[in-house]
Amino acid sequence: MKPPAYESPRPTRAERLRREARNCLTIAVKQKDLDFTAELIDEAIRLSKRARELAA
């Protein structure tokens, strides 16, 4: 008897990008340097957009 086929527990690329975007925002909140904070927020936006594209 074969074991049931399960989906891979490994997250999809879209899920990994969403997690990276959340990480960027988490780091941005703790920063005092406004330029660096802005860069992190921009990166989070780019990652989120790409995650939505991949999920579609």
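Details of the structure are given in the entry above.
An account of the accompanying structure is given in this report. (Residues numbered from 1 in each chain as written. Predicted model: local features only at pLDDT ≥ 70, side-chain atom pairs only at ≥ 80, totals over all residues. Heavy atoms only, no water.)

1. Considerations on the overall build of the protein chain
Scanning the protein chain from terminus to terminus reveals 2 helices and 0 strands. Buried residues in the protein chain amount to 18% of all 56 residues. Carbon and sulfur atoms make up 56% of the accessible area of the protein chain, which totals about 5000 Å². (Helix = DSSP H or I, 4+ residues; strand = E, 2+ residues; numbered from the N terminus. Buried < 20%, exposed > 50% of the residue type's maximum accessible area, 1.4 Å probe, protein only. Areas by Shrake-Rupley, 256 points an atom, 1.4 Å probe, with all protein chains shown as cover.)

2. With respect to the side chain of T37
Turning to its location among the elements, T37 is positioned in helix α2 (residues 34-55). When near neighbours in sequence (up to four residues on either side) are disregarded, T37 contacts A28 and Q31. (Contact = heavy atoms within 4.5 Å.)

3. Remarks on a negative patch on the surface
A cluster of acidic residues, D33, D35, E39 and D42, forms a negative patch on the protein surface. Turning to its location among the elements, E39 is positioned in helix α2. (Patch = residues over 30% accessible without salt bridge, like charges linked within 9 Å, V, L, I, M, F, W, Y side chains within 5 Å. Salt bridge = Lys/Arg side-chain N within 4 Å of Asp/Glu carboxyl O. Lys, Arg positive; Asp, Glu negative; His and termini not counted. Charge placed at Lys NZ, Arg CZ, Asp CG, Glu CD.)

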